[in-house]
Structure formats: structure tokens, C-alpha cells
Amino acid sequence: MKFAIVSRGDERSDKIKAKMKQYLIDFDLLYDTETPELVISVGGDGTFLEAFRRYVDKLDTTAFLGVHTGHLGFYTDWTSDEIEKLVIEIAKTPFHVVEYPLLEVIIRFSNDEKKSLRSLALNETTIKTVEGSVVFDVQIRGEHFETFRGDGLCISTPSGSTAYNKALGGGIIHPSLESIQITEIASINNRVFRTIGSPLILPKHHTCLLRPLRKDSFIIAFDHITRSFTNVKSIQCRVAKERVRFVRYRPFPFWNRVRDSFVTEVKRDE
Ligand code: NAP
């Protein structure tokens, strides 16, 4: 089997990467960063997002696994002291794969009818502007829903629902529900502008289309990557046809992760 390892780049993560790489090569696995079947991320959820981004064009043939070198993550379930056990699992056991939905974002531009940009997000996309507020005509399934004015919108996947979406008051969605969630970032509500004010969860067959009404320049983030765009005509969001594949050698129940990350009290050293 061909594998690659993406490290957060700190000393500890780099050491674990080097150790795992050597162990796996000793087990006759092939280190191949071009077309790996297994991508191991070593670091935190942020590192996992980077590993996903690097191999986003190879999702059909690539499965991901996360080792955390800090706190428990949503995408990282193995700890650094379980490396030997994990290496043996990888070398000896065929892996079981769990698939989660992704968000598809298509940006269309007004200066070139033919030009569009398609991107996938594992956590979310956020649309903001450098100064002032964004004003969008929000369409859902081809029908006008509302005119949004505010700091921006966050459109997240179920697995990203525990990230930025949660901080915005969005709900936590189990990743077996193929859906996307739209959450408001500081909407302006007055007699002119009125928004729904609560998060919206769209099923797989519903598309959300945002049409800018004032400015056409935006700061759009895809997970941890932020880019600026001008001449934006529309931004379309829906559940992607592609899915991300996670390697599982043991159960990693979503609600346990939610509990352990947000509810279970962690004892701090005084
Ligand atoms: P960062 O600002 O360095 O870290 C963001 C935090 O979000 C980290 O603690 C990260 O965990 C955690 N995280 C990432 N994905 C998560 C998930 N699916 N569920 C729960 N927590 C998650 O940024 P980054 O490391 O480059 O990650 C980019 C992500 O930051 C974005 O996708 C967005 O979701 C999130 N973000 C959150 C807020 C907020 O909560 N107010 C604001 C902006 C962006 P690790 O420490 O394990 O890496």
C-alpha cells in the first residue's frame, strides 16, 4: 500500500511523522506523496484540513487518518503513544472506511461568463467582505428566500458543524445526514433588512445560491484557506457528489467526540 504523511510541522509532529514513516517502510509499505492510498495527518484538526486540501483532487483513491499531537480532535483519533499499535494495524489489517459528506462551492464571475471556480470544503466556506457588510439575495432551490445583510454567512458540512458553525450558534449535525448548514454572521435586522435569524439545514437535493446586491468583492474561506475574489456574480453551495473517506481501525463515535471535546471536564494542573 502507498502512503503519505502530512505533519503540522512542529518538532513533536515531525518526530512522529519520521518514526511512523520508517516503521511503515520497514513493513514494506511504499511512501508516495503523489498518489497515496492512505494519508496520515499528524497534528490537529487544522493539519487534517491541510492534508485534505493537498489530496482533494484524489478523493476517490485516497483515505485519511489522523494522529493528534495536542488535544483530541474531530478528525484525529489516534494519540502519539499509540503509534506502534497503529502501524501494526495499518500494515496487517485491511482498513474499514467511513464516508462523510462535503460541501461544493461554485463561484461564478460577472466579467467572464465562462469562468467559474469550483471548490470543496471539509468544514465550511465563509463569505465576508473587507469593509462594511455583505448584501446577498439568498435563493434556496431556485426561489428567493431572503435578502441577507450582515458580516457574512457560513455554510458548513456536518463534520464542520462542530467548528466555526458551532461558534456562530449553529446546530451540531451527525455526519450520516447528507446536508449543509447555513449560519449567519452578525445579520442586520431592521425594517429594511430581515433575515430568518436561525441556522438553516438543507438536504442533499437543495442548492443555495447567493447573489451579491451591492459589492462584488469578497473574502471567501474554504476551511483554513482564505482568498479574495472580485467580480463575483454568484456563489452556489450544495452537498458535493464527492465524499471524504476516513480510515477506521476501531469505532470513533461522533457523539463521543462531541461529548469529550465540549462537555467532559478536563482537569487542569494548578
Ligand atoms: P485555527 O484558527 O488555528 O484553529 C481553529 C480551531 O478549530 C482549532 O482549535 C481546530 O482544532 C478547530 N477545528 C478545526 N476543525 C474542527 C472541527 N471540524 N470541529 C471542531 N473543531 C475544529 O484554524 P485552523 O487550524 O487553520 O482551522 C481552520 C478552521 O478554523 C476553519 O475551518 C473553521 O472551522 C475554524 N474557525 C473557527 C472559528 C471559531 O470557532 N470562532 C473562527 C474561525 C475559524 P485543532 O486545534 O485540533 O487544529
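Residues numbered from 1 in each chain as written. Predicted model: local features only at pLDDT ≥ 70, side-chain atom pairs only at ≥ 80, totals over all residues. Heavy atoms only, no water.

Student: Lay out the overall build of the protein in plain terms, naming residues and giving numbers.
Tutor: On a plain count of helices and strands, the protein comes out with five helices and 16 strands. Against the 2.2 N^0.38 benchmark of 18 Å for 270 residues, the protein shows a C-alpha radius of gyration of 20 Å, consistent with a compact globule. Principal-axis analysis of the C-alpha atoms places the extent of the protein at approximately 65 × 50 × 35 Å. A separation threshold of at least 6 residues defines the contact pool for the protein, and within that pool the share at least 24 residues apart is 71%. With 38 positive and 36 negative side-chain charges, the protein shows a separation of 4 Å between the mean positions of the two kinds. (Helix = DSSP H or I, 4+ residues; strand = E, 2+ residues; numbered from the N terminus. Rg over C-alpha atoms; globule rule 2.2 N^0.38 Å. Contact = heavy atoms within 4.5 Å. Lys, Arg positive; Asp, Glu negative; His and termini not counted. Charge placed at Lys NZ, Arg CZ, Asp CG, Glu CD.)

Student: Mind laying out helix 3 (residues 83-92), listing which residues take part and the relevant values?
Tutor: The set of residues buried in helix 3 consists of Ile-83, Leu-86, Val-87 and Ile-90. In a view along the axis of helix 3, the buried residues occupy a sector of 100°, so they form one face of it. Buried residues along helix 3 sit against helix 1 (11-26), strand 3 (38-43), strand 4 (63-68) and strand 5 (78-79). (Buried < 20%, exposed > 50% of the residue type's maximum accessible area, 1.4 Å probe, protein only. Arc of directions from axis to C-beta.)

Student: I'd like to hear about the pairing of strand 12 (residues 200-203), residue by residue, with values.
Tutor: Along strand 12, the buried face is formed by Leu-200 and Leu-202; none of Ile-201 and Pro-203, which line the opposite face, is buried. In terms of strand pairing, strand 11 (residues 179-187) meets strand 12 through four bridges, oriented antiparallel. Bridge pairing in strand 12 places Ser-179 opposite Pro-203. (Pairing = 2+ DSSP bridges.)

Student: Tell me about the environment of Met-1, residues and numbers included.
Tutor: Within the element layout of this structure, Met-1 appears in the segment before strand 1 (2-7). Between the C-alpha atoms of Met-1 and Leu-24, which are 23 residues apart in sequence, the distance is 9.7 Å. Those residues in contact with Met-1 that lie beyond four places of it in its chain are Leu-29, Leu-30, Glu-37, Leu-38, Ile-90 and Phe-95.

Student: Pulling in residues and values, what's your account of the site of the ligand?
Tutor: Around the ligand, the structure places 16 residues, and the nearest of them are Asp-45, Gly-46, Asn-123, Glu-124 and Thr-162. One of the side-chain N or O atoms of His-71 is found 3.0 Å from an oxygen atom in the ligand. A distance of 3.2 Å separates an oxygen atom of the ligand from a polar atom in the backbone of Tyr-164. Considered on its own, the ligand offers 830 Å² of accessible surface; in the complex 61% of this is hidden by protein. Counting residues per element, the ones that place at least two in the shell around the ligand are helix 2 (45-54) and helix 4 (164-167). Among the elements that take part in the shell around the ligand, helix 2 stands out by supplying three residues, more than any other. Residue-level mapping places the shell around the ligand at the junction of two domains, with at least three residues from each of domain 1 (2-95 + 249-262) and domain 2 (101-242). (Near = heavy atom within 4 Å. Polar contact = N/O pair within 3.5 Å; in protein donor to acceptor, adjacent residues only side chain to side chain. Areas by Shrake-Rupley, 256 points an atom, 1.4 Å probe, with all protein chains shown as cover. Domains from an automatic or database assignment.)

Student: Lay out the nonpolar core with the relevant residues and their values.
Tutor: Counting 27 residues, the largest nonpolar core has Phe-136, Ile-155, Leu-210 and Ile-235 as the members making the most contacts within it. Secondary-structure elements contributing two or more residues to this core are strand 6 (96-109), strand 9 (134-140), strand 10 (143-156), strand 11, strand 12, strand 13 (208-212), strand 14 (218-222) and strand 16 (232-248). Among all residues touching Phe-136, those that are not within four sequence positions of it are Ile-127, Glu-146, Thr-147, Phe-148, Leu-153, Leu-210, Arg-211, Pro-212, Leu-213, Phe-218 and Ile-235. (Core = buried A, V, L, I, M, F, W, Y, C linked by side-chain atoms within 4.5 Å.)

Student: Tell me about helix 5 (residues 254-263), and name the residues and values.
Tutor: In an α-helix, one turn spans 3.6 residues; hence positions three or four apart end up facing the same way. Where helix 5 is concerned, the buried positions are Phe-254, Arg-257 and Val-258. Seen along its axis, helix 5 keeps its buried residues to an arc of 100°; they face one direction. Contacts made by the buried residues of helix 5 are with strand 6 and strand 16.

Student: Got a sec to walk through the pairing of strand 13? Specific residues and values, please.
Tutor: The buried fraction of strand 13 amounts to four of the five residues, a majority that puts the element mostly inside the structure. For strand 9 and strand 13, the ladder comprises five bridges, and the chain directions are antiparallel. Each residue of the ladder has a partner; that of Ile-140, found in strand 13, is Cys-208. With three bridges connecting them, strand 13 and strand 16 associate as antiparallel partners. Paired with Cys-208 across the bridge in strand 16 is Cys-237.

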